[in-house]
Amino acid sequence: MIGVELVKLARRPRTWATIGLLCLLPTVVAVFLATTRISPPPGQGAAFLSAVLQSGSLYPAAALALVLPIFLPVAVAVVAGDAVAGESSQGTLRYLLVRPVRRTALLGAKLVAIVVFVLGAVLSVAGTSYVVGVSLFGAGDPVAVVRALPEVTGDDGGVAGTAPAGGPQSTSGPAGGQVGGSDASSSGGGQPDARDSSAVDPEAARERAQSSVSSLSGEALSPADLAARLLGAMGYVVVSMLGVAAIALFLSTVTTSSLGATLGALAALITSQVLVSLDAASSVTPYLPTRYWLAWIDFFRDPIFLRDITAGLWLQAGYVVVLMLAAWANFTTKDVTS
Amino acid sequence: MTRLVIETRGLTKRYGGRAAVDDVDLHVAEGARYGFLGPNGSGKTTMVRMLLGLVYATRGEISVLGRPVPSRVAEVLPEIGAMVEGPAAYPHLSGRANLALLDASGPRRGRAGRRRERVEEVLERVGLGAVDRRPVRTYSLGMRQRLGLAGALLNRPRLLVLDEPTNGLDPHGIREVRDLLVTLNAAGTTVFLSSHLLAEIEALCTDVGVVDRGRLVLEDALDAVRGPTGRLVVRTPDPEAAARVLGRAVAERHGDTLVVDAAPGGPPALARHLVEHGVPLDGLAEQRRSLEDVVVALTGPGSDTARGARRNGARPDPTSGGIRR
């Protein structure tokens, strides 16, 4: 059954159109960056974007940062929301079930197909953006980028993860790394300051906290090391999408409307994004599906900062297990009347 | 009695407070062509879905091919071909690709290499052998219907469960499907067909079950349902003379048609009697109930109208006896 689902996925024009669009966005951004050579000012734009001018081989990371907040979750929600509801509204569900395909097997095959889709999408984005990045910016020295990353401060759980859709910003170029380096110890001292102003403008406070950069190790990244970190980040992004997929797939078993399931999943994500950036909701923040989405950036720290990554993996696993059980319970006991 | 392929006891399905299927005891014998007849909205499709394990019954038992449904439906479905409430296919794929996918999602049977063969065979059977690579999106309703039928034939079923299989077909197509079903039936496939079309069931089926507002109001062999009424229908260019000759035996008279109580000796004796008395004959036949008479008598007004008075038993409408059909 898994094979059949993969064939269906592959033979559906929508699959390729979606992946094409996902690859297009980073390419367009790269073309603008390369022609103007204007990098986003500190505090704006997606992570890594200001640094890729120095090293095109890190453009895949920048591309992930570009598609992660909206494009990728939308694509996943569309595919997963359509998984069962689409078959249902098309009428093909009843014919699959009387073939017979066991309902549990069908649900499992759908989940596998969605994972393969996410994997394919992330690989395609990384692949095209690597080619685009290297050909437009050249394969510079990736170490500069590593230096430019914000350091994890305090027990806040990693600033990278808490940032809303815009993502944490690497606020400086290679030179910024040295400036931040002298500031490494002061980031802890900066914490109360950030707290004070958070009452007025939490967003600004967060950004200020993030803007403290530190000089991490100055060792250059070998191509193999860089590749490994990229693979880790890509894998983590794929896992991050599983929660969305599970939400959409569950809703897909509830309704016969693909659109309803997709929009429901996106509504859940937007709610999560809003709450994550809301200090008043900090009691639930660790359990929100988007809470650790940006922890993949930790793969580019030296050494790799694993705490948020681990928490993110567990969180996504929890969402997948709970929602798939709910989907299974609902789907296997429901009357198929479409 | 032959073995039952489908048997239900007290089968009931409620949606909210309304019973879509109400206490139905269905008996479909092996080798039969069973027509499940009822107006739209009478619970036919819900019934079919329950037989296939798509919808779960509120109460009652189902046994299909000797095994309980839905608990062991996975064991019987490989021997069933089904079409439920119209055909469905992936619109962006060709008919062939759709069948290949459907075939591949079923239980493993033979080598995958034979899939092309199987697909070609069923396409041929339903008259789509020459179909090209156009996507199903461009198919006419009739072609889709044939494709759905082809899908139902993929696992060489012992039992075919078809819900309104001739919807959207032209008269030529209806005839073809009917011939196909008779051929399959002759080869041992039991056919369970639901329809709201009297003529379709009358033309195809050996047994009939009539459902009305969720209840099974009649289940019998079609021949028994359409049994003789014990009267003869006489058509003559000279009805006056015939009436004079037959006297009090004439039960009814409509133009040049007389309905006559049967005398000993049956039609031959009556024919001889009339001819001997110089009454010319256009036709002479036994009066039989038509399925329509029976169904109308049993079901009353359609399920979407207000509750009508329900008459008991089947009483034939004299004007529609024997020779009219």
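Only a predicted model underlies this, so the values are computations on that prediction, with no experimental measurement involved.

Q: It is not clear to me how the nonpolar core should be interpreted in this structure. Could you clarify?
A: Where a protein is soluble and globular, its nonpolar side chains tend to be buried together. Formed by 165 residues in total, the largest nonpolar core has its most connected members in A:Leu64 and A:Ala245. Top contributing element to this core by residue count: helix α12 (residues 223-254) of chain A, with 18 residues. Taken domain by domain, the makeup of this core includes at least three residues from each of domain 1 (4-223) and domain 2 (226-325) of chain B. Those residues in contact with A:Ala245 that lie beyond four places of it in its chain are A:Val76, A:Ala80, A:Ile114 and A:Val118. B:Leu232, B:Val233, B:Ala242 and B:Val260 belong to the second largest nonpolar core, which has 11 residues in total.

Q: Looking at this model, I keep getting lost on the domain arrangement of chain B. Mind explaining?
A: Interfaces are often sized by the accessible area lost when the parts come together. Residues and elements named next belong to chain B. Once the domains are mapped, chain B shows domain 1 (4-223) and domain 2 (226-325). Each of domain 1 and domain 2 was reduced to a C-alpha centroid, and the two centroids are 37 Å apart. Contact with domain 1, which involves 15 residues of that partner, is made by 10 residues of domain 2. Secondary-structure elements contributing two or more residues to the side of domain 1 that touches domain 2 are α7 (198-204), β10 (207-212), β11 (215-221) and α8 (222-225).

Q: For this particular structure, what's the right way to read helix α13 (residues 258-276) of chain A?
A: Given 3.6 residues per turn, any residue in an α-helix points the same way as the ones three and four places further on. Look at α13(A): 27 Å from first C-alpha to last across 19 residues, which is about the 27 Å you get at 1.5 Å a residue. The set of residues buried in α13(A) consists of A:Ser258, A:Ala261, A:Thr262, A:Gly264, A:Ala265, A:Leu266, A:Leu269, A:Ser272, A:Gln273 and A:Val276.

Q: Looking at this structure, I do not really get the interface of chain A and chain B. What am I missing?
A: Counting from both sides, the interface comprises 23 residues of chain A and, opposite them, 23 residues of chain B. Listed by contribution, the elements that provide at least two residues to the side of chain A that touches chain B are α1 (2-10) and α5 (92-97) of chain A. Sorting elements by how many residues they give to the side of chain A that touches chain B places α5(A) first, with 5 residues. Here the side of chain A that touches chain B is composed, by residue class, of 11 nonpolar, 5 polar and 7 charged.

Q: Would you take a moment to explain the UniProt feature "transmembrane region" (unreviewed entry) in chain A for this structure?
A: Residues and elements named next belong to chain A. According to UniProt, the "transmembrane region" (unreviewed entry) feature falls on residues 16-38, 58-85, 106-132, 226-251, 263-289 and 309-331. In the segment residues 226-251, helix accounts for 100% and strand for 0%; the C-alpha atoms at its two ends are 38 Å apart. End C-alpha atoms of residues 263-289 are separated by 16 Å, and the span's content is 52% helix alongside 0% strand.

Q: Would you take a moment to explain the confidence of the model for chain B for this structure?
A: Low-pLDDT stretches of the model should not have their predicted coordinates read in fine detail. When pLDDT is averaged along chain B, the result is 85, and 90% of the positions lie at 70 or above. In the predicted assembly, ipTM is 0.82 and pTM is 0.80.

Q: Would you mind going over the environment of B:Ala186 with me for this structure?
A: All names here are of chain B. Of note, alanine 186 is situated in helix α6 (residues 171-186). By the C-beta count within 10 Å, which is 10 here, alanine 186 ends up exposed. The sequence separation of alanine 186 and alanine 32 amounts to 154 residues, and the corresponding C-alpha distance is 9.6 Å.

Q: Whenever I open this one, the sheet that holds strand β9 (residues 190-195) of chain B confuses me. Can you help?
A: Hydrogen bonds between backbone atoms are what pair the strands of a sheet, whose relative direction is either parallel or antiparallel. Residues and elements named next belong to chain B. On the basis of which strands lie adjacent, the open sheet formed by 6 strands has the order β7-β8-β9-β4-β10-β11 and mixed pairing. Only two strands of the sheet have a single neighbouring strand rather than two, namely β7 (80-83) and β11. Going from strand to strand, the sheet's axes swing by 10° on average, the running direction of each strand aside. The sheet contacts of helix α5 (residues 141-153) involve β7 and β8 (159-163), and relative to β7 the element is tilted by about 160°. Where helix α11 (residues 291-299) meets the sheet, its contacts fall on β4 (33-37), β10 and β11, and the angle it forms with β10 comes to roughly 30°.

Q: Teacher, can you tell me more about the sheet that holds strand β14 (residues 257-261) of chain B here?
A: All names here are of chain B. Read from one edge of the open sheet, 4 strands run β13-β14-β12-β15, paired in antiparallel fashion. The sheet terminates laterally at β13 (250-254) and β15 (283-288), the two strands that pair on one side only. The mean inter-strand angle of the sheet, taken between neighbouring strand axes irrespective of direction, is 25°. Those strands touched by helix α10 (residues 266-276) are β12 (228-235), β14 and β15, and its axis lies near 145° from that of β15.

Q: Quick question: what am I supposed to make of the packing of helix α4 (residues 71-90) of chain A against helix α6 (residues 103-137) of chain A here?
A: Two packed helices can be described by the angle between their axes and the distance between those axes. Residue and element names in this part refer to chain A. At a closest axis distance of 10 Å, the pairing of α4 and α6 adopts a crossing angle of 160°. Looking at the two axes, α4 sits roughly antiparallel to α6. Judged by the twist between their axes, the crossing of α4 over α6 is right-handed. Side by side, α4 and α6 meet where Leu72, Ala75, Val76, Val79, Ala80, Ala83 and Val84 of the first sit next to Lys110, Ile114, Phe117, Val118 and Ala121 of the second. Taken together, the residues of the contact of α4 with α6 break down into 11 nonpolar, no polar and 1 charged.

Q: In this structure, what is going on with unusual backbone geometry? I would like to understand it.
A: Residues apart from glycine generally show negative phi values, whereas peptide bonds are mostly found in trans. Of note, the bond from A:Arg99 into A:Pro100 is cis; its omega dihedral lies within 30 degrees of zero at 10°. Residue placement: A:Pro100 occurs in the loop between α5 and α6. Here B:Val69 and B:Pro70 are connected by a cis peptide whose omega angle stands at 10°. Note on placement: B:Pro70 falls in the loop between β6 (67-69) and α2 (73-76). Phi at B:Asp23 takes a positive value of approximately 55°, unusual for a residue other than glycine.

Quick notes on the rules
Residues numbered from 1 in each chain as written. Chains lettered and ligands numbered in written order. Predicted model: local features only at pLDDT ≥ 70, side-chain atom pairs only at ≥ 80, totals over all residues. Core = buried A, V, L, I, M, F, W, Y, C linked by C-beta atoms within 7 Å. Buried ≥ 20, exposed ≤ 12 C-beta atoms within 10 Å, placed from the backbone. Helix = DSSP H or I, 4+ residues; strand = E, 2+ residues; numbered from the N terminus. Domains from an automatic or database assignment. Contact = placed C-beta atoms within 7 Å. Expected span 1.5 Å × (residues − 1). Nonpolar A, V, L, I, M, F, W, Y, C, P; charged D, E, K, R; others polar. UniProt positions renumbered as here; feature names shortened; annotations may be inferred. pLDDT = per-residue confidence, 0-100. Pairing = 2+ DSSP bridges. Axes fitted to C-alpha atoms, helices over the stretch in contact; angles between N-to-C directions. Parallel < 35°, antiparallel > 145°, perpendicular 65-115°, else oblique. Left-handed = near helix turned anticlockwise from the far one by under 90°.

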